[in-house]
Amino acid sequence: GEGATFKWAKTDTIGIFPLQGYQVAFPMSDGAGTQSAVFDGGGWALKPSSQYMAYYPFEYNNRDYQNIPVTYVGQIHKGNGNTEHLGGYDYMAASTTTPSQGTVTFDFQHLGALVQFKLKAPGAANFTSMTIEAQEHVFIRKGTLDLSQKTPAIETSDKATSLSMELSDVKSTASGQEIIVYMMMAPADLTGKNFLVRLCND
């Protein structure tokens with residue numbers, strides 16, 4: 001109800017691309033638990049004559065800054081109301097920036113939407129999955145990201161009528177108990193649309 005605050009974790013790594021060349025992984029060196037962190041590329045120097053762009057979460061196999069894969073398939077929510085799984089699907093990007101005195105400041109933009117589901121358990125159960133369904137192809141399952149765009153956004157490659165996630169250690173002991181599930185989604189206009197949410201047990 002009051003919105004969400006995202007904070008960097010000490011294990012976070014960002015990928016930085018130059019306009020010409022391949023990406024380099026920059027692990028966090030300072031700022032865990034805050035909204036502004038410092039990342040270090042080790043011996044990799046930033047050239048003042050070049051421009052750089054960055055994204056999160058880092059993926060070693062990414063080679064093309066105009067075609068960064070994005071997927072919302074495979075999310076696993078562990079524990080009632082837990083948010084620890086969100087980082088891997090909280091896609092962020094920062095467009096081209098010029099370094100100054102050997103450092104560069106990136107203004108990351110969140111590209112997805114955080115959705116909170118508050119569900120009433122029908123009884124005692126061990127829940128294993130949750131699916132949200134619509135009558136139209138409104139859910140973006142997969143897409144790509146072009147970091148060279150002034151305002152990076154997700155380009156859709158796979159849309160579906162539903163989006164599912166696995167639940168682990170999400171249990172209820174009685175009817176009416178509140179089950180809170182968090183899911184990351186790509187932005188979509190869902191105004192006036194009806195949905196069915198399936199909460200499945202074992």
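Described below are features of the structure shown in this document. (Residues numbered from 1 in each chain as written. Predicted model: local features only at pLDDT ≥ 70, side-chain atom pairs only at ≥ 80, totals over all residues. Heavy atoms only, no water.)

**Structural notes on the side chain of Thr131**
Reasoning step 1: On the secondary structure map, Thr131 appears in strand 10 (residues 125-133).
Reasoning step 2: Side-chain polar atoms of Thr131 contact the side chain of Ser164, separated by 2.7 Å.
Reasoning step 3: The residues touching Thr131, leaving out its near neighbours within four places in the chain, are Ser162, Leu163, Ser164, Leu196, Val197 and Arg198. (Helix = DSSP H or I, 4+ residues; strand = E, 2+ residues; numbered from the N terminus. Polar contact = N/O pair within 3.5 Å; in protein donor to acceptor, adjacent residues only side chain to side chain. Contact = heavy atoms within 4.5 Å.)

**A look at the sheet that holds strand 5 (residues 68-71)**
Reasoning step 1: One open sheet accounts for 3 strands, arranged 5-11-12; its pairing is antiparallel. Of all the strands in the sheet, the pair left with one neighbour each is strand 5 and strand 12 (154-160). For this sheet, the mean inter-axis angle between neighbouring strands, taken without regard to orientation, is 20°.
Reasoning step 2: Note that strand 11 (residues 139-145) and strand 12 share 6 bridges and pair antiparallel. Its bridge partner being in strand 12, Thr144 is matched across the sheet by Glu155. (Pairing = 2+ DSSP bridges. Axes fitted to C-alpha atoms, helices over the stretch in contact; angles between N-to-C directions.)

**Brief notes about the packing of aromatic side chains**
Reasoning step 1: Following the criterion strictly, the structure yields 8 aromatic pairs and no others.
Reasoning step 2: Note on Trp8 and Phe108: the rings are 5.8 Å apart at their centroids and 75° apart in plane angle, and the pair reads as edge-to-face. One end of the pair, Trp8, is in the segment before strand 1 (13-18); the other, Phe108, is in the loop between strand 7 (92-97) and strand 8 (109-110), and 100 residues separate them in sequence.
Reasoning step 3: Residue Trp8 is classed as buried on the basis of its relative accessible area of 11%.
Reasoning step 4: The class of Phe108 is buried, set by a relative accessible area of 16%.
Reasoning step 5: Among the aromatic residues, those joined into a ring-pair cluster are Trp8, Phe39, Tyr56, Phe106 and Phe108.
Reasoning step 6: Looking at Arg63, its charged tip hangs above the ring of Tyr60, at a distance of 5.1 Å from the centre. (Phe/Tyr/Trp six-rings, centres within 6.5 Å; stacked < 30°, edge-to-face > 60°. Buried < 20%, exposed > 50% of the residue type's maximum accessible area, 1.4 Å probe, protein only. Lys NZ or Arg CZ within 6 Å of the ring centre and 35° of its normal.)

**Description of the environment of Met183**
Reasoning step 1: Counting through the fold element by element, Met183 comes out in strand 14 (residues 178-185).
Reasoning step 2: Overall, the relative accessible area of 0% leaves Met183 in the buried class.
Reasoning step 3: Between the C-alpha atom of Met183 and that of Ala9, which follows or precedes it by 174 residues, the distance is 19 Å.
Reasoning step 4: Those residues in contact with Met183, other than ones at most four positions away along the chain, are Gln75, Leu86, Ala113, Leu114, Val115, Phe117, Met130, Leu163, Ser164 and Met165.

**Observations concerning the environment of Thr161**
Reasoning step 1: Relative to the assigned elements, Thr161 resides in the loop between strand 12 and strand 13 (162-172).
Reasoning step 2: When its relative accessible area of 31% is taken as the criterion, Thr161 is described as partly exposed.
Reasoning step 3: In sequence terms Thr161 and Arg141 are 20 residues apart; their C-alpha atoms lie 9.6 Å from each other.
Reasoning step 4: Excluding its chain neighbours within four sequence positions, the residues that come into contact with Thr161 are Ile132, Glu133, Ala134, Glu136, His137 and Phe139.

**Some points on unusual backbone geometry**
Reasoning step 1: Note that the residue after Tyr56, namely Pro57, is joined by a cis bond; omega there is 0°.
Reasoning step 2: Of note, Gln101 is a non-glycine position whose phi angle comes to about 55°, a positive value.
Reasoning step 3: Topologically, Gln101 is positioned in the loop between strand 7 and strand 8.

**With respect to the nonpolar core**
Reasoning step 1: Judged by nonpolar contacts, the single largest core of 38 residues is most densely connected at Tyr72, Phe117, Met130 and Leu147.
Reasoning step 2: Looking at this core, the element that brings in the most residues is strand 14, giving 7 residues.
Reasoning step 3: Dropping the residues within four chain positions of it, Tyr72 is found in contact with Tyr89, Tyr91, Gly112, Ile140, Arg141, Ile154, Leu163, Met184, Met185 and Ala186.
Reasoning step 4: Residues Met28, Tyr52, Ala54 and Phe106 belong to the second largest nonpolar core, which totals 16 residues. (Core = buried A, V, L, I, M, F, W, Y, C linked by side-chain atoms within 4.5 Å.)

**Some details on the environment of Glu155**
Reasoning step 1: Within the element layout of this structure, Glu155 appears in strand 12.
Reasoning step 2: If near-sequence neighbours (up to four positions away) are discounted, Glu155 is found in contact with Gly143 and Thr144.

**Digging into the sheet that holds strand 15 (residues 196-201)**
The strands that make up a sheet are held in pairs by hydrogen bonds between backbone atoms, and each pair lies either parallel or antiparallel.
Reasoning step 1: Overall, mixed pairing links the 4 strands, which are arranged 6-13-10-15 in an open sheet. If you trace the sheet from one side to the other, it starts and ends with strand 6 (76-78) and strand 15, each paired once. For this sheet, the mean angle separating the axes of adjacent strands, direction not counted, is 20°.
Reasoning step 2: Both strand 6 and strand 13 contribute to a ladder of 3 bridges, which runs parallel. Bridge assignment links His77 to a residue of strand 13, and that residue is Leu167.

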